[in-house]
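Structure at a glance
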Amino acid sequence: MVAVARLVLLLSLVWYGTAWAEAALEEQRKQFADAYTLLKDGKRVSDLEAIERKLVGYPLAPYLRYQHLNQNLSRASAAQIEAFMDEHGDLPVAGLLATRWLHLQGRRADWAAFRQADAGQPGAALECYRLRAERHASGVDDAWLDRARVLWTVGHSQPDACDPVFAELYQRHALSAERRWERIRLIMLSGNTNLARALEPRLESNEKRWLQYWLAVAANPERALRRPAFDVSSERGQLLVRDGFRRLGVSDQDAAMALLDRYRDQQWLSFEVVSELRRHVALRAAFSRRPEALSWLESLPEDAVDNQVREWAARMALSRQEWQRLVGAIWALPDDMQAQSEWRYWKAYALARTGDEDQARELLQELAGERHYYGFLAADWLGQDYAMNHQPGPRDEARMAELERRPALARAREFHLLGFAEEARREWQAGLAGADAGDWAQAAQLARDWGWYDRMINAANRAGLHDALELRFPLAFRETMANRARDSDVDMGLVYALMRKESAFTPDARSPVGAMGLMQVMPGTGRNVASRLGISGFTTSKLYEPDMNLALGAAYLDQMLKRFDGNLVMAAAAYNAGPGRVDGWRRDNAGLPAQVWVENITFGETRDYVKSVLAFRAVFDWQLYGEPRRLASAVPLMPPFDGSLQLAQREGDDSEQ
């Protein structure tokens with residue numbers, strides 16, 4: 001009895017000790033998060049040292065000192081920076097702080113401090129500061145001038161830090177006319193005509209004249225090429241002519257082809273150059289799905305035919321539904337391209353349409369065993385179940401524990417728990433630097449346990465766990481999704497597919513064009529949808545909140561579905577590219593079978609997006625309900641062609657899932 005009492009007492013002490021430790025940790029987290037948020041926002045934290053003493057042993061404690069220095073860098077001393085680097089140089093932000101400090105010394109022109117802190121960090125601004133520091137210390141020599149010329153001779157603007165370096169070049173007349181023209185060439189080929197105009201005063205009279213000719217070509221290539229004001233046979237004239245045809249090939253392929261005939265007949269361009277430019281114009285026409293593109297591609301001389309030409313000849317034959325022509329075009333592709341799922345599917349389709357059903361069925365049977373857009377289309381065609389090929393990811397508790405003990409991953413977990421996503425990802429990457437496939441596989445399991453969906457997907461992909469669907473296609477934010485489904489008629493499989501494609505479940509994702517959050521909602525779209533739904537207090541930052549983003553993204557998707565009469569293909573395309581562009585594709589491709597319609601989407605990103613979303617929906621349906629909806633159900637079926645095989649005219653995902 002005494003032994004039992006002692007055991008109960010011991011277990012109670014362990015429980016209370018654990019509970020106390022958890023409570024203490026939670027208090028440290030709160031103290032850190034409150035102080036770090038203030039510092040990150042540029043606000044003052046009273047008695048920072050007292051808070052740091054309370055956080056001794058807490059993994060993120062050094063970040064308070066980092067953020068304090070980061071926000072007060074102009075008032076920091078070299079000794080403070082050096083002390084931080086000595087004590088916390090292992091933090092991934094240490095290098096960021098050192099680089100910011102170095103930039104500050106450059107802006108201050110404190111060359112002694114700059115040279116003391118310089119560790120050879122890359123970047124044009126720092127290289128210019130470096131040259132200025134060297135000039136201050138030891139003057140200018142030929143090697144200095146050579147390095148400065150390299151920085152100057154680029155096709156874009158350089159940072160303001162480089163202005164004194166370039167002024168030195170101008171003052172010393174260290175830029176030859178040929179080098180100045182070389183920079184103009186790079187700038188004009190990059191399309192930056194404003195920068196070229198800004199440099200015109202630095203050119204000699206002959207180069208100024210040629211720049212004016214080139215600017216005229218850029219402004220109106222057809223007019224400039226029709227009546228060239230320059231010697232087209234000269235080296236620079238040939239350069240301007242070729243650039244003019246490249247520009248005209250984008251805007252007006254008919255005019256470009258007609259003018260190329262004239263230049264060929266008058267021998268203003270060599271046969272090789274004419275062929276190269278015809279190839280460019282024909283490809284531009286193919287990108288826009290112009291009917292003439294196929295004959296233009298097929299008429300190119302052999303020397304101008306490469307794999308891109310062969311691929312687009314096949315795409316144009318597909319676009320025009322010329323099935324016999326498509327079979328020949330696919331046979332002309334190199335073996336590695338013919339082995340791609342896309343071309344295997346379309347080869348089967350074309351063979352079936354031209355009467356070779358046995359070979360078509362053989363190709364389809366192989367495809368139907370694979371998990372991707374074309375595999376699902378093949379399974380629909382044959383009336384077979386989809387092959388999900390799921391293989392759960394391996395789980396090694398000992399290896400996971402070893403990873404979890406790594407300081408950087410411990411910090412990553414804390415940042416993730418506190419909602420500091422950028423910092424969490426930075427520490428995650430630092431903790432897994434140099435990881436092998438085995439480490440990445442267990443890191444995926446760690447992220448799964450932590451509810452960190454975007455890192456789980458990333459790690460599973462890095463580990464090569466392509467069949468671990470629970471890791472690569474997680475049912476993330478399940479409670480939020482369930483709430484949305486209760487509030488409105490949300491297609492959960494479709495919304496999951498969109499989230500997976502749009503952000504890979506990254507709540508703070510932001511695209512280069514400004515789309516935000518899980519479903520990559522544009523701020524203007526979010527504001528309009530919020531107003532329509534009667535949601536008050538909307539601000540752009542709320543798009544990073546999963547609940548708000550899902551509500552607005554799902555409502556906008558529903559809006560697109562209604563606009564396009566429930567047509568999932570068009571709604572998905574509109575979500576990515578905008579409904580106006582889809583209206584144009586609907587007009588241009590009216591009456592096409594659905595698979596062909598998708599292949600005729602002129603934006604490669606949107607074309608692949610639609611395929612991915614529909615295939616992802618099948619995967620998420622399988623996870624949610626145990627049975628995927630067929631891709632063939634996305635829009636009404638087209639009538640079958642003659643023969644025993646019946647084609648479901650649907651869309652999904654081009655890439656391996």
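Residues numbered from 1 in each chain as written. Predicted model: local features only at pLDDT ≥ 70, side-chain atom pairs only at ≥ 80, totals over all residues. Heavy atoms only, no water.

1. Regarding the overall build of the protein chain
Helix and strand counts for the protein chain come out as 37 helices and zero strands. Along the three orthogonal principal directions, the C-alpha set of the protein chain runs to about 105 × 80 × 50 Å. Within the span of the protein chain, comprising 657 residues, buried residues form 51% of the whole. The long-range fraction of contacts in the protein chain, counting pairs at least 24 apart against all pairs at least 6 apart in sequence, stands at 59%. Accessible area of the protein chain: about 30,700 Å², with a carbon and sulfur share of 49%. (Helix = DSSP H or I, 4+ residues; strand = E, 2+ residues; numbered from the N terminus. Buried < 20%, exposed > 50% of the residue type's maximum accessible area, 1.4 Å probe, protein only. Contact = heavy atoms within 4.5 Å. Areas by Shrake-Rupley, 256 points an atom, 1.4 Å probe, with all protein chains shown as cover.)

2. As for the packing of helix 5 (residues 92-108) against helix 26 (residues 421-431)
Each pair of packed helices gets described by two things: the angle between the helix axes and the distance between those axes. Two numbers describe how helix 5 lies on helix 26: the axes approach to 8 Å, and their chain directions differ by 110 degrees. With respect to each other, helix 5 and helix 26 are oriented roughly perpendicular. Here helix 5 contributes P92, V93 and L96 to the contact with helix 26, which in turn contributes R426, E427 and A430. Considered class by class, the residues forming the contact of helix 5 with helix 26 number four nonpolar, no polar and two charged. (Axes fitted to C-alpha atoms, helices over the stretch in contact; angles between N-to-C directions. Parallel < 35°, antiparallel > 145°, perpendicular 65-115°, else oblique. Nonpolar A, V, L, I, M, F, W, Y, C, P; charged D, E, K, R; others polar.)

3. Focus: the packing of helix 31 (residues 492-502) against helix 33 (residues 546-563)
Following both chains from N to C, one finds helix 31 and helix 33 inclined at 110 degrees, their axes separated by 11 Å at the closest point. By the angle class used here, helix 31 and helix 33 are roughly perpendicular. In the crossing of helix 31 with helix 33, the sense of the turn from one axis to the other is right-handed. Taking contact as the criterion, the partners of L494, V495, L498 and M499 in helix 31 are, on helix 33, L550, A554, L557 and L561. Split into classes, the residues belonging to the contact of helix 31 with helix 33 amount to eight nonpolar, no polar and no charged. (Left-handed = near helix turned anticlockwise from the far one by under 90°.)

4. Description of the pattern of salt bridges
Going through the model one piece at a time under the given rule, you end up with 54 salt bridges. Here R264 makes a salt bridge to D261, at a shortest N to O gap of 3.5 Å. Of this pair, R264 and D261 both sit in helix 15 (residues 253-265), three residues apart, roughly one helical turn. The class for D261 is partly exposed, based on a relative accessible area of 27%. The partner of R411 in a salt bridge is E427, and the shortest N-O contact between them spans 2.8 Å. With a gap of 16 residues between them, R411 in helix 25 (residues 407-418) and E427 in helix 26 connect regions that are remote in the sequence. Both residues of the pair, R411 and E427, count as buried. Among the charged side chains, a network of salt bridges with common partners joins D118, E127, R130, E134 and R147. (Salt bridge = Lys/Arg side-chain N within 4 Å of Asp/Glu carboxyl O.)

5. Comments concerning unusual backbone geometry
Phi at D47 is positive, roughly 55 degrees, even though this residue is not glycine. The residue D47 is located in the loop between helix 1 (2-40) and helix 2 (48-54) in this model. Phi at A109 takes a positive value of approximately 60 degrees, unusual for a residue other than glycine. Following the sequence through the fold, A109 ends up in the loop between helix 5 and helix 6 (111-117). According to the relative accessible area criterion, A109 is partly exposed, its value standing at 36%.

6. Topic: the confidence of the model for the protein chain
For the protein chain, per-residue confidence averages 92 on the pLDDT scale, and residues scoring 70 or more make up 93% of the total. In this model, residues 7-16 is a region of pLDDT below 50 whose contacts with residues beyond four sequence positions or in other chains number zero contacts. (pLDDT = per-residue confidence, 0-100.)

7. Notes on helix 5
A turn of α-helix holds 3.6 residues, and therefore any two residues three or four places apart point the same way. Taking 1.5 Å as the rise per residue, helix 5 with 17 residues should run 24 Å; its terminal C-alpha atoms sit 26 Å apart, in good agreement. Listing the buried residues of helix 5 in full gives V93, A94, L97, A98, W101, L102, L104, Q105 and G106. Close packing links the buried residues of helix 5 with helix 3 (62-71), helix 4 (78-88), helix 6, helix 7 (124-138) and helix 26. Positive phi appears at A109, one or two residues downstream of helix 5, with a value of about 60 degrees. (Expected span 1.5 Å × (residues − 1).)

8. Notes on the nonpolar core
Among the nonpolar cores identified, the biggest contains 163 residues, and L297, L326 and W346 are the most heavily contacted of them. The dominant element in this core, judged by the number of residues it contributes, is helix 37 (residues 604-625), at ten residues. Beyond its immediate chain neighbours, meaning those up to four positions away, W346 contacts L318, W323, L326, I330, Y374, Q595, V596 and E599. By size, the runner-up hydrophobic cluster in this structure holds 50 residues, among which are L64, A435, W450 and M456. (Core = buried A, V, L, I, M, F, W, Y, C linked by side-chain atoms within 4.5 Å.)

9. Describing the packing of aromatic side chains
Evaluation of the coordinates by the stated rule reveals 42 aromatic pairs. Relative to Y170, the ring of W152 lies with its centre 6.4 Å away and its plane at 90 degrees, an arrangement referred to as edge-to-face. Taken together, the positions of W152 in helix 8 (residues 142-152) and Y170 in helix 9 (residues 163-171) put the pair 18 residues apart, joining distant regions of the chain. For the pair W428 and W450, a centre-to-centre distance of 6.2 Å together with 75 degrees between the ring planes defines the contact as edge-to-face. Of the two residues, W428 sits in helix 26 while W450 sits in helix 27 (residues 437-450), which places them 22 residues apart along the sequence. Taken as a pair, W428 and W450 share a single burial class, namely buried. Ring-pair connections join several aromatic residues into one group, and the members of that group are F32, Y36, Y58, Y63, Y66, F84, F415 and F420. Directly above the aromatic system of W312 lies the positively charged group of R315, at a separation of 5.6 Å from the ring centroid. (Phe/Tyr/Trp six-rings, centres within 6.5 Å; stacked < 30°, edge-to-face > 60°. Lys NZ or Arg CZ within 6 Å of the ring centre and 35° of its normal.)

10. Here we look at the state of the cysteines
As enumerated under the stated definition, the model contains one disulfide in all. A sulfur-sulfur distance of 2.0 Å marks the disulfide that ties C128 to C162. Judged by the sign of its S-S torsion, about 95 degrees, the bond between C128 and C162 is right-handed. Of the two residues, C128 sits in helix 7 while C162 sits in the loop between helix 8 and helix 9, which places them 34 residues apart along the sequence. Of the two residues, C128 and C162, neither departs from the other in class, the shared state being buried. (Disulfide = S-S within 2.5 Å.)

11. Focus: the environment of P474
Turning to its location among the elements, P474 is positioned in the loop between helix 29 (469-472) and helix 30 (478-487). Judged by relative accessible area, P474 falls into the buried class, the value being 5%. For the pair P474 and Y496, spaced 22 residues apart in sequence, the C-alpha to C-alpha distance is 8.9 Å.

12. Points about the environment of R29
Relative to the helices and strands, R29 resides in helix 1. Considering only alpha carbons, one finds R29 and F114, 85 residues apart in sequence, at a separation of 37 Å. Look past the residues within four positions of R29 in its chain and what remains in contact with it is Y58, R413, E414, L417 and L418. Reaching out from R29, the side chain makes a polar contact with the side chain of E414 at a distance of 2.7 Å. (Polar contact = N/O pair within 3.5 Å; in protein donor to acceptor, adjacent residues only side chain to side chain.)

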